[in-house]
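# Geometric and topological summary
Single-letter residue listing:
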Amino acid sequence: MLHMNNHTQRPLPPAVWAGISGLMLASAINTANAETVQESLETDHLNLSIERIADGFEHPWAVAFLPDGRYLVSERSGQLKLVDPESGEASTLEGMPEVSTQGQGGLLDVALHPDFEGENGEGDNDWIYFTWSKPEGNNSRSALSRVKWQNGQLGEVEHLFEQDRASGPGRHYGSRLAWLPDGTLLMSIGDRGSDPPRAQASDDHAGSTLRLTATGDVPDDNPFVGDDTTLDEIYSMGNRNIQGMTVLINGEAWASEHGPRTGDELNHIQAGNNYGWPEVSQGNDYATNEPIGADSLPGMVDPVYVFEGRFAPAGLAEVTSDAFGEWQGNLLAGGLGSEKLLRLRLEEGHVAEEELILQGEVGRIRDVRQGPDDAIYLLTDAPQGGLYRLAPTNQ
């Protein structure tokens, strides 16, 4: 059970952040007046403070951390924001492509190359990777691109991958990114919403995770390379709509996945697996509330964990900082409609413990990240969404 203290406000102590040059557009996002949302939140193992360090984002989707301490925040409207707490302003970086903003579409995940250096714009691997919904008439595709970071500006965009067919109706893009230890990149693609059986079609990227090289090519050891019936990029299939994905320190890929009406899942993503959707599901039809599919079928992998109720998962991170004590190695899973943050302790591939950390204190949680400064960062999905920092207060 959580014990909440009264909300108080105090200014965030200023940090020393590097400045930035380049052509950027000023925004109304406020970081200078960061405030404490919760001074001390008691959990089973530690106390946390919750600070809102920036707000005013238009439906933000993902946050990434530059080596000098600034943040990149993607907005579904198509803007990539650069947040600098020292100046109290955020800026829009110019040069991003035009995105489809129909339904759930837009500029989605953002991730730095694993060997990103970010100094003087001269690093060979100073690439910012991003997923987006690429417009095509009234339809759209989930797509992956990258752009070079050059002295505080964006260089030319390189388009790396797009799913094999454009479709409507503007939902279930998936689009989470996660780097594997071998330097390959996982990307989720949802079933696109209108035709769930696409997730079982091996000649269709919808409803899958993909494994790509850093240049968007197919790794030679992908599980279906050489199988003429299955697209080479596919790493796993039968995934309805993964919007939380992370690779643990031990190299395992884990994902939180939207079910239909309930039935949201936590899955250990492994090469060649079929996770069942829509033939297997523990969720119900939205209109009839009747079960969809079987609970389990041969040849299909059951979820490691099914979230209670209508959790609506988005954002998943491993706690890697030892500042969090017994939380280290646990997963933190965010929820949109539920407005929850859950801590999940894994033990031998199963969830051995769940703890409710937040429920409504910050709103709809879209992204969860372990920061480089021993804090956890959350992004909230709203017309004026915020960036929040959770830090232990008793370490």
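Placed above this text is the structure.
Summarised in this report is the structure supplied together with it. Since this is a predicted model, take the numbers as computed values, not measurements. Along each chain, residues carry numbers from 1 onward, in the same order as the chain's sequence is written. Local features in this predicted model are restricted to residues whose pLDDT is 70 or higher, and side-chain atom pairs enter the listing and the counts only when it is 80 or higher, whereas totals over whole chains, interfaces and linings include all residues. Calculation of side-chain values draws on the structure's entire complement of heavy atoms; hydrogens and water are dropped beforehand.

Empty space within the largest pocket amounts to approximately 870 Å³. Along its surface, the largest pocket is lined by 33 residues, and Trp179, Thr246, Val247, Arg369 and Gln370 are the ones closest to its centre. Helix and strand assignments come from DSSP, with helices taken as H or I runs of at least 4 residues and strands as E runs of at least 2, each series counted from the N terminus. Elements with a contribution of two residues or more to the lining of the largest pocket: strand S5 (60–65), strand S9 (107–112), strand S13 (177–179), strand S17 (242–247), strand S21 (313–318) and strand S25 (365–370). Amino acids outside the nonpolar list (Ala, Val, Leu, Ile, Met, Phe, Trp, Tyr, Cys, Pro) and the charged list (Asp, Glu, Lys, Arg) are all regarded as polar, and Gly is one of them. Looking at the lining of the largest pocket, its residues break down into 22 nonpolar, 6 polar and 5 charged. Site definitions follow a grid-based scheme: protein atoms alone, a 1 Å grid, a 1.4 Å probe that fits but cannot get out for cavities, and for pockets an open set with protein on both sides within 12 Å along at least five of seven lines, plus lining residues having an atom within 4 Å of a point. Grid points are joined across faces, edges and corners, and a volume is the space filled by probe spheres set on the points. Counted as a void, the second largest pocket has a volume near 380 Å³. Gln104, His258, Tyr286, Ala312 and Leu336 are, among the 21 residues lining the second largest pocket, the residues nearest its centre. Along the lines of polarity and charge, the residues of the lining of the second largest pocket split into 5 nonpolar, 9 polar and 7 charged.

A word on the sheet that holds strand S10 (residues 127–136). Two strands qualify as a pair provided DSSP detects at least 2 bridges between them. If you walk across this open sheet you meet the 4 strands as S9-S10-S11-S12, and the pairing is antiparallel. Two strands in the sheet have a free side with no partner beyond their single neighbour: S9 and strand S12 (153–162). Within this sheet the neighbouring strands show an average axis-to-axis angle of 30°, counted without direction. Pairing between S9 and S10: 4 bridges, direction antiparallel. What counts as an axis is a line fitted to C-alpha atoms, over the stretch in contact for a helix, and the angles between N-to-C directions run from 0 to 180 degrees.

Turning next to empty space enclosed by the protein. Counted according to the given criterion, the structure contains 1 cavity of 30 Å³ or more. For the largest cavity, the calculated volume is near 50 Å³. Considering the residues around the largest cavity, the lining is formed by Gly238, Arg240, Glu257, His258, Gly259, Pro260, Gly263, Glu265, Tyr275, Trp277, Val280 and Ser281. Residues belonging to the lining of the largest cavity are distributed by class as follows: 4 nonpolar, 5 polar and 3 charged.

Now for the side chain of Asp126. Among the secondary structure elements, Asp126 is positioned in the loop between S9 and S10. For every residue, the accessible area obtained with a 1.4 Å probe (protein chains only) is divided by the maximum for its type, and the residue is called buried under 20%, exposed over 50%, and partly exposed between those limits. In this tally, Asp and Glu contribute negative charge and Lys and Arg positive charge; neither His nor the terminal groups of the chain are included. Any carboxyl oxygen of Asp or Glu that lies within 4 Å of a side-chain nitrogen of Lys or Arg is treated as forming a salt bridge with it. No salt bridge is formed by the buried Asp126; its nearest oppositely charged neighbour, Lys148, is found at 6.2 Å. Any pair of N or O atoms that falls within 3.5 Å is considered a polar contact. Within protein, one atom must be able to donate a hydrogen and the other to accept it, and sequence-neighbouring residues count only if both atoms are side-chain atoms. At 2.7 Å, the side chain of Asp126 and the backbone nitrogen of Glu117 are in polar contact. Separated by 2.9 Å, the side chain of Asp126 and the backbone nitrogen of Gly118 make a polar contact.

Moving on: the pairing of strand S24 (residues 350–359). Each regular strand carries side chains that alternate between the two faces of the sheet. For strand S23 (residues 340–347) and S24, the ladder comprises 8 bridges, and the chain directions are antiparallel. Across the sheet, the residue bridging to Leu346 is Val351, located in S24.

In this section: the sheet that holds S17. Through backbone hydrogen bonds, the strands of a sheet pair up, either in parallel or in antiparallel fashion. The strand order across the open sheet built from 4 strands is S17-S18-S19-S20, with neighbouring strands paired in antiparallel fashion. Taken across any chain shown, the strands that pair with only one partner, and hence form the sheet edges, are S17 and strand S20 (305–306). By the bridge criterion, 5 bridges tie strand S18 (residues 253–257) to strand S19 (residues 265–269) in an arrangement that is antiparallel. When the sheet's bridge partners are listed, Glu257 is paired in S19 with Glu265.

A patch consists of residues exposed above 30% relative accessible area that lack any salt bridge, with like charges linked at up to 9 Å and nonpolar side chains (Val, Leu, Ile, Met, Phe, Trp, Tyr) linked at up to 5 Å. The Shrake-Rupley method, run with a 1.4 Å probe, gives the accessible areas here. Residue values count only the displayed protein chains as cover. Note on charges: their place is set at NZ of Lys, CZ of Arg, CG of Asp or CD of Glu. On the surface, Asp115, Glu117, Glu119 and Asp124 cluster together to form a negatively charged patch. Note on placement: Asp115 falls in the loop between S9 and S10.

Here we take up unusual backbone geometry. Here Gly168 and Pro169 are connected by a cis peptide whose omega angle stands at 0°. Along the polypeptide, Pro169 turns up in the loop between S12 and S13. Along the chain, Trp277 connects to Pro278 via a cis peptide bond; the corresponding omega equals -5°. With respect to the helices and strands, Pro278 occurs in the loop between S19 and S20. Here the phi dihedral of Asn289 falls at roughly 60°; this positive angle occurs in a residue that is not glycine. Among the structural elements, Asn289 can be located in the loop between S19 and S20.

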